[in-house]
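Examining the three-dimensional arrangement
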Amino acid sequence: MEVNKGVCYGVGVGPGDPELITLKAVRVLTRCPVIAAPQTKSGEMLALDIVRGAVDLAGKTILPLSFTMSQDKGVLQAAHEAAADAVQAHLDRGEDVAMPNLGDVSIYATWGYVMEVLNRRGYETVMIPGVPSFCAAAARLSATLVSWGSPLHIIPVGKGPVAPLVEQPGGKVLMKAGRGLSEIAQALGRTGQLDRAALVEDCGLPTERVWTDWDRLPQDVGYFATVIVKEES
């Protein structure tokens, strides 16, 4: 007797505050018997920790998925294939799997790599959107990102020079900014935008910190740091 294959859901759980998890995300996470949680090298599963604040995980199978920060494409692909292998074992038993991701599953999300592998192998996947970290950061700052007709630039720090990108008109979001604050400050200072920029670290988490004074930035800003640059009024 053939067993129907399960479905894998990529679930955006927001940046940190469990109250920002959508009702649809809660429903899917509650229904799926398997939760595939991205895990850092140190064993931390931040997305899963956020889920625990909104969903009872008792009786569920927790499937840690290890990923790498390597820039080697071969190493990255191997990690994605291994994660898909682990998920596939449950899908083949007819079990639905939910993979929580920080923020939204369409924006620099680990989910996208696993989804591509599973789709290529013929498995069904579904995306459940979540609150992007930069939207939560803008709300924390009581800042409007853009007004009608203006562009919004989303810039991943560490993937190339920042200066040419921040020179564009409109609002800017610089994600994963903790490793490039000096470069960001110089670029914004040269273009006269520093007084319109603010930094939110670990938005929605207990460790959240906010700075609007760039002369007082600490040296220990972490990976999950977002810089919001409001458009010129």
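Whatever comes next refers back to the structure up there.
Quick caveat: nothing in here was measured; it's all calculated off a predicted structure.

The next point concerns the sheet that holds strand E6 (residues 152–156). Read from one edge to the other, the open sheet built from 5 strands follows the order E6-E7-E10-E8-E9, with strand pairing classed as mixed. Each edge of the open sheet carries a strand with a single partner, namely E6 and strand E9 (209–211). Put simply, the sheet's adjacent strands are angled 15 degrees from each other on average, direction ignored. In the sheet, strand E8 (residues 197–201) pairs with strand E10 (residues 225–229) via 5 bridges, with the strands oriented antiparallel. Bridge pairing in E10 links Val200 to Thr226.

Counting residues in each nonpolar core, the largest one holds 22 residues, and the members touching the most others are Tyr9, Val11, Val13 and Leu29. Elements that contribute at least two residues to this core include exactly strand E1 (8–12), helix H1 (23–31), strand E2 (34–39) and helix H2 (46–52). The element that contributes the greatest number of residues to this core is H2, accounting for 5 residues. Apart from residues lying up to four places away in sequence, Leu29 is in contact with Val11, Val13, Ile35, Val51, Val55, Lys60 and Ala98.

Cut-off values and rules
Residues numbered from 1 in each chain as written. Predicted model: local features only at pLDDT ≥ 70, side-chain atom pairs only at ≥ 80, totals over all residues. Heavy atoms only, no water. Pairing = 2+ DSSP bridges. Helix = DSSP H or I, 4+ residues; strand = E, 2+ residues; numbered from the N terminus. Axes fitted to C-alpha atoms, helices over the stretch in contact; angles between N-to-C directions. Core = buried A, V, L, I, M, F, W, Y, C linked by side-chain atoms within 4.5 Å. Buried < 20%, exposed > 50% of the residue type's maximum accessible area, 1.4 Å probe, protein only. Contact = heavy atoms within 4.5 Å.

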